[in-house]
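# Summary of the model geometry
Okay, here's what each chain looks like letter by letter:
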There are 2 protein chains.
Amino acid sequence: MEATEKLHTAQFLQHQLHEIVTLLAKQQLEMSLVQRGPATNHELVETVLHKQHHTRLREKFALLHPADIAFILESLPLDQRKAAWDAIKADQDGQVLLEVSDAVRHSLISGMAADELASVAGNLDADELADLAADLPKRAMLRILRSLNSTERTHLNAILSYEDDEVGALMDFGMITIRDDMSLKAISSYIRKLGKLPSHTDKLFVVDGHNRVKGVLPLQRLLTHAPSLHVAEVMVTDFVVFQTDQDTGEASRAFERYDLISAPVVDQNGELQGRLCVDSIMDFIREKSDEDLLSQAGVTEEEDLFASVWKSAKNRWGWLLINVATAFASTRIIGLYEDVILQLVALASLMPIVAAMGGNTGNQTSMLIIRSLALGQITAANVQRLIRKELTLAALNGTFIGLIMGLLGFLLYHDLALAGVMATAMFINLLVAVIVGLSIPLLRYKFGKDPAVGTSVILTSITDSMGFFIVLGLASLFLLGK
Amino acid sequence: MEATEKLHTAQFLQHQLHEIVTLLAKQQLEMSLVQRGPATNHELVETVLHKQHHTRLREKFALLHPADIAFILESLPLDQRKAAWDAIKADQDGQVLLEVSDAVRHSLISGMAADELASVAGNLDADELADLAADLPKRAMLRILRSLNSTERTHLNAILSYEDDEVGALMDFGMITIRDDMSLKAISSYIRKLGKLPSHTDKLFVVDGHNRVKGVLPLQRLLTHAPSLHVAEVMVTDFVVFQTDQDTGEASRAFERYDLISAPVVDQNGELQGRLCVDSIMDFIREKSDEDLLSQAGVTEEEDLFASVWKSAKNRWGWLLINVATAFASTRIIGLYEDVILQLVALASLMPIVAAMGGNTGNQTSMLIIRSLALGQITAANVQRLIRKELTLAALNGTFIGLIMGLLGFLLYHDLALAGVMATAMFINLLVAVIVGLSIPLLRYKFGKDPAVGTSVILTSITDSMGFFIVLGLASLFLLGK
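Just so it is clear, the structure is predicted and the values come from calculations on it, not from any experiment.

## Observations regarding the overall build of chain A
- Within chain A one finds 21 helices and six strands.
- Taking 2.2 N^0.38 as the reference for a compact globule, 482 residues should give roughly 23 Å; the C-alpha atoms of chain A span a radius of gyration of 31 Å, well beyond that estimate.
- Dimensions of chain A, computed from the C-alpha atoms along their principal axes, are close to 95 × 80 × 40 Å.
- Split into buried and exposed, the 482 residues of chain A put 55% on the buried side.

Below, the structure is given as structure tokens:
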């Protein structure tokens, strides 16, 4: 779908947003003035004004691309968002719901009745419905299912039967299939009869009598070869196919590697089930990277900028509670060594540095491992070399940062023994940090779990407690009772 | 370009990698055996064996897609990588260099002579050359420039004149331009005469006599409309255009929003300069998100898995040194209050918790702000509401986590005053953390800087020192001298 503005810029969107906010604010203001007026005229005037604004907003939204409307809705606070949503035409509703973020979609759907939702869904394809399915209330979903024809219902059930991380869940059914005994001329007139190709159609799929994919016919070839030729002579037979149960991450890397626009999706018997397009893959990559970034900061899921405070709090507390627990656990080590600190209070200000640097170096290692695992670059053949390299690096880092630690410790407290202990503790903790930073993601990956999840929390709690333990332990062995 | 395997899977790549590693290992082994043999036959046998393996590797690589070769090279340790690189055909060299990561590219180029590099570059388009330009030695670059014809040189200079984050730097010149007075029939025969369309050609650009874009003709429309119609009757006039100096991040969001495959790029006079394709955008998104993730962990740039230890160390030390410095600075606060700790040693184990929780909540806030800024969702109109919401949330979080802190403190030390001080300190530090987490990215953004860079480090150093300061300050005011 093309946008309705020749020059797309962020300024354009900001400008639209500004105009809509102004309209909404006027509406709110006039409403409140009306409510202060004499009670008799109240409802009448309210209705007139409301209609007037409603029409203006409607006209504004009708000119915008659904993705732009989605952007504007996401940028609006809850009350204004509801008002704006009311003004969006029923035939745009569905596309807009598809484009908004999950969190904002919840806020929009929660205000809609089951029959309203069912009519919205009427304009959507099976693969689009599948995207919404998880967010729709049961009653609306039942109504929608009843309104579908049998092909649509089969398609919808097919998509819903796959896990979120399987290719089948991302496919659509916009493929055009042809036979290899047709002439290019026949194909051209077939396409002309169709009148319209689904978006992202860069190739047609050539299937046999059992619906198995034998080749693909890129539109390019259709355009550049003589019309008298047959599909079998022109089609490409070495092409990329995906399987319905293949991992989406793997598929997205294939799209990047081979610069694909669309590709057939087949089941285990090689029968064509659907197609995968670059727009779904791009959404997938964006969502995955946002998720990775937010989960690093302990925000469990995508958050509506204007979700109620309570909702946001629930989204963030899980992680904060885990953090409180691990922080308490690791600082209990300090509690055990209180007498050491009383004898040498300098340790209180020096040991957090050792703990923090452990966390930092460990995170550097684990992040590189996590990323390399995601790219599939770590194999049984090279993992040992990699471990050796990281350990060598850790020893080097430990020596370097350890010396700095010792030097600064000596400059502050003029105590050579203390400086030596701090340098040694730093060295040991950096080694521990890298071992932990290597082990957690590699082990999680080996046992089939997402190597990124929780690695940072576990790592930090280990490097913190080890940092405190090593400093205080070494101090009690070598520095006390002198 | 299509891959050479029907079913692309990660297993396929792992299998190829395994076979190549085996070949390389054999080669290494036999070489070392030969070197132990009698010195007379030495060179002869070495040459024969070398040729034999070289041929086998060559055959293997010739069947692989450049992107797959790139993947394999990235997964190989340095010595094997060099051996494999020697076996890759000269006509594939250029494409492979384009596909490998920056770090691995350096390792490959560093071993090549200037004339070798110049001949590799001979097979590349101007936009591809531009991608490599930064990594090529000056001498090779001069040779390459001399070998280009004037159009290619103009194209290359055009791309190199743009900043890395401008659309112009990412564009290519594979566009097909047509006039609006041609018939679709004429266009079709024009395309047939071309024989081949550049990859990602989903539309032709309609230009006027001044090379200004008047519309686009999607191949879809060419295929579905009567050949007798004229371009002017069929072309789409509301389409997305980018400007050469537009921000690439903005362009990538437009690609996602409008599901684009290719789009024209114009200069300030509206004259067509090139085109932007979804494959470049996808690479851009992937690189940017990798960068964001790695910079969170303080890895400055993309790192070759098998870079030498020294190179890796240099890549990671910058950040670690900053971390040592901030850790020392924030713990100096503790040094100032050593007498307080001596009087109440429990503080030594409790204060790191307050400091750590400040960092965690502050990071949650800043990460959401950074992401929303990147998506363009924060505007002058809504920023105040957003700040109010985050502050309310901070007060709620502070009360909740503060109570937990007080409770646990009391359970450990049975001291009500201490528990009260710890709860209050936690409350205040979480408020400080959120204020800092809001301010840093918003201020950096306001002054035109990347809001993500360094935010986490500055934030953590502030929340740490404030955490220590608040706990120790409150303790010295309310708990000592009792």
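## Concerning unusual backbone geometry
All names here are of chain A.
- Although it is not a glycine, N211 adopts a positive phi angle of roughly 65°.
- Its place among the elements puts N211 in the loop between β2 (203-207) and β3 (213-218).
- Overall, N211 belongs to the partly exposed group, its relative accessible area being 30%.

## Let's talk about the relation of the copies chain B and chain A
- Mapping chain B onto chain A calls for a rotation angle of 180° and an axial translation of 0.0 Å; the resulting RMSD is 0.1 Å. Taken together, these values place the two copies in the relation of a two-fold axis.

## Looking at the UniProt feature "domain: CBS" (unreviewed entry) in chain A
- Those places that UniProt annotates as "domain: CBS" (unreviewed entry) correspond, in this numbering, to residues 235-291 of chain A.
- Secondary structure content for residues 235-291 of chain A is 44% helix and 23% strand, while the C-alpha to C-alpha distance between its ends is 40 Å.

## Looking at the packing of aromatic side chains
All names here are of chain B.
- For the structure on display, the rule yields eight aromatic pairs over all chains.
- Here the aromatic rings of F242 and F255 are separated by 5.7 Å at their centres, their planes lie at 15°, and the arrangement is stacked. Of this pair, F242 sits in strand β4 (residues 242-243) while F255 is found in helix α15 (residues 248-258), placing the two residues 13 residues apart along the sequence.
- F242 gets classed as buried once you look at its relative accessible area, which sits at 0%.

## Things to note about a negative patch on the surface
Residues and elements named next belong to chain A.
- Taken together, the side chains of E99, D131, D283, E287, E291 and D450 present a region of like negative charge at the surface.
- The biggest single contributor to the negative patch is helix α15 (residues 278-296), with three residues.
- Locating D131 in the fold gives a position in helix α8 (residues 126-133).
- Judged by relative accessible area, which is 43%, D131 ranks as partly exposed.

About the cut-offs
- Residues numbered from 1 in each chain as written.
- Chains lettered and ligands numbered in written order.
- Predicted model: local features only at pLDDT ≥ 70, side-chain atom pairs only at ≥ 80, totals over all residues.
- Heavy atoms only, no water.
- Helix = DSSP H or I, 4+ residues; strand = E, 2+ residues; numbered from the N terminus.
- Rg over C-alpha atoms; globule rule 2.2 N^0.38 Å.
- Buried < 20%, exposed > 50% of the residue type's maximum accessible area, 1.4 Å probe, protein only.
- Least-squares fit on C-alpha atoms with pLDDT ≥ 70 in both.
- UniProt positions renumbered as here; feature names shortened; annotations may be inferred.
- Phe/Tyr/Trp six-rings, centres within 6.5 Å; stacked < 30°, edge-to-face > 60°.
- Patch = residues over 30% accessible without salt bridge, like charges linked within 9 Å, V, L, I, M, F, W, Y side chains within 5 Å.
- Areas by Shrake-Rupley, 256 points an atom, 1.4 Å probe, with all protein chains shown as cover.
- Salt bridge = Lys/Arg side-chain N within 4 Å of Asp/Glu carboxyl O.
- Lys, Arg positive; Asp, Glu negative; His and termini not counted.
- Charge placed at Lys NZ, Arg CZ, Asp CG, Glu CD.

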